[in-house]
Amino acid sequence: MQMTSRQEEKVQQIREKYNFRPFVDAPASKEKVDLLDLTIIDLSKFDEGPETRKELATTLEKALTEYGFFRVVNHGFSPEFLDHMKSVSQSTFETTDEVKNKFFAGEKKIEEDKDLELGVIRGTGFKPRGYWKYSNDTPDNVEFYNFRHFLHPDIFHNRIEYPEFVQYHLEDVRKYFSELHTEVQRKVLTLMDIILEIPEGTLYNDFFPAIENDTLNSGTGFGRFLLYHPVDQEYKKKTSSTWMRGHTDAGALTFILSQSILSLQIRSYADNQWKYVSHVPNSIIVNIGDTFKFLTDGYFKSSIHRVHTAPDDQKDYTRNTVIYFASPKLDVYMDSGSLGSPKLKRLGYKLNDGLERITVRQWDEAKGKFFNKTSANRKTNLTLYGRESVGSLIGENPIEV
Ligand SMILES: O=C(O)CCC(=O)C(=O)O
Ligand SMILES: [Fe+2]
């Protein structure tokens, strides 16, 4: 939609008011650490034909079954647009505590959300800095803002109230998250179809379709802008340098904009060691969450990850990123029985005997109840419907910080 010059002028005014500026990446750290170079999936090859897709799928399969983490490049977003999104994310937080409290993510906003346990983790709005308490009663230093319903323009634009700066950038936000869902994710899911030996398009069309303004029959999920504030020595000591605690994601697939601060770590299944993820400018890191692990009955891994505070040579920078947490339709049963994959059958992956089948909605509600309300550190893994899950663990085995 073309803006009139009057609208453009208004956007300029709003940008000045919220200190809209180019996003500046921290220069690379010189710290010597063990870096994990994630498998790179070049999505520009996706349309080259079935043979090339098969090759991509073979590369992806290894990443999905070892770490559940990989990286996509040539995903279709220009570097300029990604920089713009980081600037939009940055200025979203340039507002008062009063506004952040007014648009608190813990409130239920609209009819479509009223039966869901959303809380600050998934509800539309802000999770304020310090909402969680880490070890030694230390307030956290990450704030975020969540978006929902970008696949449904009428709900997204007309039925949800937003802070002023966000309101003026909604169309960019909608474009980013909805294209991630319909373009980038669709390609990734198609490669997974190939891995699972089911017809190309099955996962996207049957589990994650985007049907405008029909929330129940569409894939679900939420987007998030994150801002991690610089921390001091005392904070690091008290929290064992934790910016975000170790956890697995509850959803199916998570898309994280790669950023330059040495901080995201994955706990390796091979040796239980935490490994730093490297940075590739303009790439998007993708990881598997609980839902896809369950859908494949454990063939795809959902790795525990956390965010370590910045190394000394990057300690004065804020850390910004943009994440999309994608989930299937709420009524999908989360086990391999839903997929009908000959591959999983052959390899012997199936729902554990004695476990009842559960839907995305059931899991979402059960996990949401635990992780949204409390800010206390959890000492043990959590078992819901007989399924083990990890969230918000700190300083305790098996998650050492
Ligand atoms: O900030 C990041 O890079 C990852 C954050 C994360 O794991 C999450 O929000 O679930
Ligand atoms: Fe995560």
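Residues numbered from 1 in each chain as written. Chains lettered and ligands numbered in written order. Predicted model: local features only at pLDDT ≥ 70, side-chain atom pairs only at ≥ 80, totals over all residues. Heavy atoms only, no water.

As recorded in an unreviewed UniProt entry, the chain goes by Fe2OG dioxygenase domain-containing protein and comes from Pichia membranifaciens. Checking UniProt for the chain, the heading Sequence similarities (unreviewed entry) contains the comment "Belongs to the iron/ascorbate-dependent oxidoreductase family." (UniProt positions renumbered as here; feature names shortened; annotations may be inferred.)

**Student:** Requested: an account of the pattern of salt bridges, with residues and values cited.
**Tutor:** Under the criterion given, the structure shown has 23 salt bridges. A salt bridge links aspartate 113 to arginine 148, with the nearest nitrogen and oxygen atoms 3.4 Å apart. A residue pair is termed long-range when its members are at least 10 positions apart, and aspartate 113 in the loop between helix H4 (97–102) and helix H5 (119–122) and arginine 148 in strand E7 (residues 142–148) qualify at 35 residues. This pair shows no difference in class: aspartate 113 is buried, exactly as arginine 148 is. (Salt bridge = Lys/Arg side-chain N within 4 Å of Asp/Glu carboxyl O. Helix = DSSP H or I, 4+ residues; strand = E, 2+ residues; numbered from the N terminus. Buried < 20%, exposed > 50% of the residue type's maximum accessible area, 1.4 Å probe, protein only.)

**Student:** An account of the packing of helix H3 (residues 79–92) against helix H8 (residues 170–196) is requested, with residue identities and associated values reported.
**Tutor:** Remark: H3 packs on H8, axes separated minimally by 11 Å, with the N-to-C direction vectors making an angle of 125 degrees. In terms of orientation, H3 and H8 fall into the oblique class. By crossing handedness, the relation of H3 to H8 is classed as left-handed. Contact residues: H3 offers Phe81, Leu82, His84, Met85 and Val88, while H8 offers Asp172, Val173, Lys175 and Tyr176. Residue classes in the contact of H3 with H8 are distributed as six nonpolar, one polar and two charged. (Axes fitted to C-alpha atoms, helices over the stretch in contact; angles between N-to-C directions. Parallel < 35°, antiparallel > 145°, perpendicular 65-115°, else oblique. Left-handed = near helix turned anticlockwise from the far one by under 90°. Contact = heavy atoms within 4.5 Å. Nonpolar A, V, L, I, M, F, W, Y, C, P; charged D, E, K, R; others polar.)

**Student:** Now, about the site of ligand 1: what can you tell me, with residues and values included?
**Tutor:** For ligand 1, the set of nearby residues contains 13 residues, the closest of which are Arg224, Tyr228, His247, His305 and Arg319. The side chain of aspartate 249 places a nitrogen or oxygen atom 3.2 Å from an oxygen atom of ligand 1. Arginine 319 has a polar side-chain atom sitting 2.8 Å from an oxygen atom of ligand 1. Isolated, ligand 1 exposes 300 Å² of accessible area, and the fraction of that covered by the protein chains is 97%. Elements supplying a minimum of two residues to the shell around ligand 1: strand E8 (220–228), strand E9 (242–247), strand E14 (305–308) and strand E15 (319–327). For the shell around ligand 1, a count of residues per class yields seven nonpolar, three polar and three charged. (Near = heavy atom within 4 Å. Polar contact = N/O pair within 3.5 Å; in protein donor to acceptor, adjacent residues only side chain to side chain. Areas by Shrake-Rupley, 256 points an atom, 1.4 Å probe, with all protein chains shown as cover.)

**Student:** Describe in detail the coordination of the iron ion (ligand 2), supporting the description with residues and values.
**Tutor:** Within the first shell, the iron ion (ligand 2) binds the protein through His247 (NE2), Asp249 (OD) and His305 (NE2), at distances of 2.1 to 2.2 Å. Along the chain, the residues donating to the iron ion (ligand 2) are arranged with the sequence spacing H-x1-D-x55-H. With a gap of 58 residues between them, histidine 247 in strand E9 and histidine 305 in strand E14 connect regions that are remote in the sequence. Under the relative-accessibility criterion, histidine 247 is labelled buried at 15%. (Donors = N, O, S within 2.8 Å, 3.2 Å for Na, K, Ca; no water.)

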